[in-house]
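Observations on the model geometry
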Amino acid sequence: MDIEKKHFTCVTCPVGCEVDVEVQDGSILSITGNKCDKVKEFVLQELKEPMRVLTTTVRIEGAKWAMLPVRTDKPIPKRLFLQAIEELASIDLQAPVPISEVILRDIAGSGANIVATRTMNPRGETGLPR
Amino acid sequence: MQADVAVIGSGPAGLVAAIEAYRSGAKNVLLLEREEELGGILKQCIHNGFGLEQFKKDYTGPEYAERLIEDLGKTGVRCFLNTMVTGISADRTVTAVNSENGVFRIEAKSIVLAMGCRERARGSIGIPGTRPAGVLTAGTAQRLVNIEGYLPGKEVVILGSGDIGLIMARRLTLEGAQVKGVYEIMNYPGGLKRNIVQCLNDFDIPLYLSHTVTEIQGRERVEGVIVSKVDKKMQPIGGSEKFIQCDTLLLSVGLIPENELSKGAGVELSRTTNGPVTSETMETSVPGIFSCGNVSTVFDLVDYVAQTGMSAGRNAARFAIGDWKENGVSVEVIPGENVRVVFPQRYCFRDDLILYIRPAKPVERPVTLGVSPVEMHIKRLYARPNEMIRVKVAREKLVKVTGPIEVSIRER
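Residues numbered from 1 in each chain as written. Chains lettered and ligands numbered in written order. Predicted model: local features only at pLDDT ≥ 70, side-chain atom pairs only at ≥ 80, totals over all residues.

Looking at the overall build of chain B
- Broken down by element type, chain B carries nine helices and 27 strands.
- For 412 residues, the compact-globule estimate of 2.2 N^0.38 gives 22 Å, and the C-alpha radius of gyration of chain B, at 22 Å, lies within 12% of that figure.
- Its C-alpha atoms give chain B principal-axis dimensions of about 65 × 60 × 40 Å.
- Long-range pairs, those at least 24 residues apart, make up 64% of the contacts in chain B with a sequence separation of at least 6. (Helix = DSSP H or I, 4+ residues; strand = E, 2+ residues; numbered from the N terminus. Rg over C-alpha atoms; globule rule 2.2 N^0.38 Å. Contact = placed C-beta atoms within 7 Å.)

Some remarks on the overall build of chain A
- Along the backbone of chain A there are two helices and nine strands.
- Seen in sequence order, chain A has helices and strands lined up from the N terminus as β-β-β-α-β-β-β-β-α-β-β.
- If you line up chain A on its principal axes, its C-alpha atoms span 60 × 30 × 20 Å.
- Each of the 130 residues in chain A was classed as buried or not, and the buried ones make up 26%. (Buried ≥ 20, exposed ≤ 12 C-beta atoms within 10 Å, placed from the backbone.)

Some details on the interface of chain A and chain B
- Listed per partner, the contact involves 29 residues of chain A and 28 residues of chain B.
- Those elements that place two or more of their residues in the side of chain A that touches chain B are strand E5 (55-59), strand E6 (67-72) and helix H2 (81-89) of chain A.
- Considering every element that reaches the side of chain A that touches chain B, the biggest residue donor is E5 of chain A, with four residues.

Considering the sheet that holds strand E9 (residues 114-116) of chain A
All names here are of chain A.
- The antiparallel open sheet is built from four strands, whose spatial order is E5-E6-E9-E8. Edge positions in the open sheet fall to E5 and strand E8 (102-104), since each of these has one partner strand only. Put simply, the sheet's adjacent strands are angled 45° from each other on average, direction ignored.
- In this sheet, E9 lies alongside E6 in antiparallel orientation, the contact comprising three bridges. Within E9, the residue paired with Arg 71 across the bridge is Val 115. (Pairing = 2+ DSSP bridges. Axes fitted to C-alpha atoms, helices over the stretch in contact; angles between N-to-C directions.)

Thoughts on the domain arrangement of chain A
- Entries for chain A in the domain assignment read domain 1 (4-48) and domain 2 (55-116).
- For domain 1 of chain A versus domain 2 of chain A, the distance between C-alpha centres works out to 32 Å. (Domains from an automatic or database assignment.)

Section: the domain arrangement of chain B
- With domains assigned, chain B is organised as domain 1 (1-119 + 255-326), domain 2 (121-253) and domain 3 (332-412).
- Spacing between the C-alpha centres of domain 2 of chain B and domain 3 of chain B amounts to 33 Å.

With respect to the sheet that holds strand E27 (residues 405-411) of chain B
Residues and elements named next belong to chain B.
- One open sheet accounts for five strands, arranged E22-E20-E27-E24-E25; its pairing is mixed. This sheet does not close on itself; its edge strands, each paired only once, are strand E22 (346-347) and strand E25 (376-380).
- Relative to E27, strand E20 (residues 331-335) runs parallel, the two sharing three bridges. In the strand pairing of E27, Ile 334 is matched with Glu 406.

A short note on the pairing of strand E2 (residues 29-32) of chain B
All names here are of chain B.
- Side chains Val 29 and Leu 31 of E2 all project onto a buried face; the interleaved residues Leu 30 and Leu 32 project onto the opposite face, where all are buried too.
- Bridge count between strand E1 (residues 2-8) and E2: four bridges; the pairing is parallel. Each residue of the ladder has a partner; that of Ala 6, found in E2, is Leu 30.
- A crossover links E1 with its parallel partner E2, the connecting element being helix H1 (residues 12-23), and its sense is right-handed.
- In this sheet, strand E5 (residues 78-80) lies alongside E2 in parallel orientation, the contact comprising three bridges. (Right-handed = clockwise from strand over helix to strand, strands pointing away.)

Some remarks on the nonpolar core
Residue and element names in this part refer to chain B.
- Grouped together as the largest cluster of nonpolar side chains are 84 residues, with contacts concentrated most on Val 5, Val 7, Ile 8, Ala 17, Ala 18, Val 29 and Val 112.
- Ranked by residues supplied to this core, first place goes to helix H8 (residues 302-320) with ten residues.
- Counting residues domain by domain, this core receives three or more from each of domain 1 (1-119 + 255-326) and domain 3 (332-412).
- Excluding residues that lie within four positions of it along the chain, Val 5 makes contacts with Ala 21, Ala 26, Val 29, Ala 108, Lys 109, Ser 110, Val 112, Ala 316, Ala 317 and Ala 320.
- Membership of the second largest hydrophobic core comes to 33 residues, among which are Val 145, Val 156, Leu 200 and Leu 250. (Core = buried A, V, L, I, M, F, W, Y, C linked by C-beta atoms within 7 Å.)

Quick notes on H2 of chain A
- Among the residues of H2 of chain A, those classed as buried are Phe 81, Ala 84 and Leu 88 of chain A. All buried residues of H2 of chain A project into a common sector of 65° when viewed along the axis, lining one side. Set apart from the buried face of H2 of chain A by more than 90 degrees, the exposed residues are Glu 86 and Ala 89 of chain A.
- The inward-facing, buried residues of H2 of chain A abut E5, strand E7 (76-77), E8 and E9 of chain A together with helix H5 (163-174) of chain B. (Arc of directions from axis to C-beta.)

As for the pairing of strand E2 (residues 18-24) of chain A
Residues and elements named next belong to chain A.
- Where strand E1 (residues 4-9) meets E2, six bridges bridge the pair, whose relative direction is antiparallel. Bridge pairing in E2 places Thr 9 opposite Glu 18.
- Hairpin remark: E2 followed by strand E3 (residues 27-32), antiparallel, with two residues in the connecting loop; positive phi at Asp 25, about 50°.

Section: the packing of helix H4 (residues 138-148) of chain B against H5 of chain B
Residue and element names in this part refer to chain B.
- Two elements in contact, H4 and H5, have axes whose closest approach is 9 Å; the angle formed by their N-to-C orientations is 40°. When you trace H4 past H5, the crossing you get is left-handed. For the pair H4 and H5, the contacting residues are Ala 138, Gly 139, Ala 141, Gln 142 and Val 145 in the first and Ile 164, Gly 165, Met 168 and Arg 171 in the second.
- A class-by-class count of the residues in the contact of H4 with H5 yields five nonpolar, three polar and one charged. (Left-handed = near helix turned anticlockwise from the far one by under 90°. Nonpolar A, V, L, I, M, F, W, Y, C, P; charged D, E, K, R; others polar.)

Regarding the environment of Val 77 of chain B
Residues and elements named next belong to chain B.
- Along the chain, Val 77 falls in the loop between helix H2 (61-73) and E5.
- For the pair Val 77 and Leu 31, spaced 46 residues apart in the sequence, the C-alpha separation amounts to 6.9 Å.
- Excluding anything up to four places from it in sequence, Val 77 contacts Ala 18, Ile 19, Tyr 22, Val 29, Leu 31 and Leu 72.

Comments concerning unusual backbone geometry
Residues and elements named next belong to chain B.
- For the bond running from Phe 343 to Pro 344, omega is 0°, close enough to zero to count as cis.
- Mapping Pro 344 onto the fold places it in the loop between strand E21 (339-343) and E22.
- The omega angle of the peptide bond from Ser 372 to Pro 373 is 5°, so this bond is cis rather than trans.
- For Pro 373, the location among the structural elements is in the loop between strand E24 (367-372) and E25.
- The phi torsion at Asn 338 lies on the positive side, around 50°, for a residue other than glycine.
- Tracing the sequence through the fold places Asn 338 in the loop between E20 and E21.

So, in structure tokens, the structure goes:
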């Protein structure tokens, strides 16, 4: 296979090294521009399967607000994001929902669950701490 | 009504300040919030990256808020929701209004200002063109999408690369809009690097540095914008104009601390931060009035906001319960070479000095951050205006200082 040249910004830490990588058959031949060794692990994962936490919203009925914020409970492959969003578009949800409640299991076949990221009380209840 | 400490605003700064004031011995703490829920802007910041330092967790904004609200529930802090503060005075009287109490006054022993900031809008950057629907700030779009469930447009151009703009580029893309590009007038991005990568690069959204929007077109609705390259003095370059078709222009062009109330009490404001001039205790120029979070200066990270809230809450409680004597001595803290903002602006020899420093220009080479006259030299790999630097100087090191404390950033 040919040698591919790729560019990454490492987000392992705030420094954000801009690195140029030479890749052949999914393995790294060389990395330049990095200030530490952690970049290698980051680049390997990016080459294999970029993983991210998805945060989005789902529609909810009977609550003060139209949308309930949610997240995946662990990182999922980035390529599944749009499929996940589509699955969430058809969900029927009714307030109340407590924070951390599982809204949907195994989103887009990723093995991760979608969980609520806030408590959503029924319409009319105040947001005061109890 | 009487109070030991009255906290104005229940975003991250106000929540932390109220909790800390109570824990520090002030028993009659009031938290005043104009919205119907606590949490401020955190409620619409549904992305993760909150509380990495404070809680060692990667919370979303609403999760972070709820964690603080849970802590608040374990205190005796009294909350007033749907309550608008209309004025404060130098003698620490707060005037507020809500539908239950009408107009009422609170005589507070101390006050914590935690009103946060507002977004700069079209009027403050002066873009020529028509005035159609579809021009809105990134934060307004964030509220529409994340809380109210409306998509503000289908083809979007974003002006300014502040963090909220970057976050919204990703958010709108996920919700099915086409984000045509982010245009930044400076020659470096405004937001954090992790947001450039995870919000733009991940979705192949282009970022155009040294570009700005020079005209908005469309009568009823935005039909497109003209973008131009800018020169080193940030002036548009003739002949570089390009038409971009879009139905929405999002503005992410900076934040301004919200200090109308502070001005009413005669609190001195800083020309560099637009927030109150404060000391390391977060006390403003008016005795007993403290300020924290983005009303003081715009921070990048909620962890920093929370840290100033903690200091303001603790010291406001000390002031209220009489554990506070005026020592009267203070020195200025001033920005030196390549420093645009240094916060706080005064040091009064009470606590350790935690400095928040915003570099004036990016330096992608090793730098030394110097604090004079205490001979502190901190080595860093780079300095960037979009990443505030925090440095702690212990009180013991400062006791003999008599003149101003100056912070500078120099290339090594």
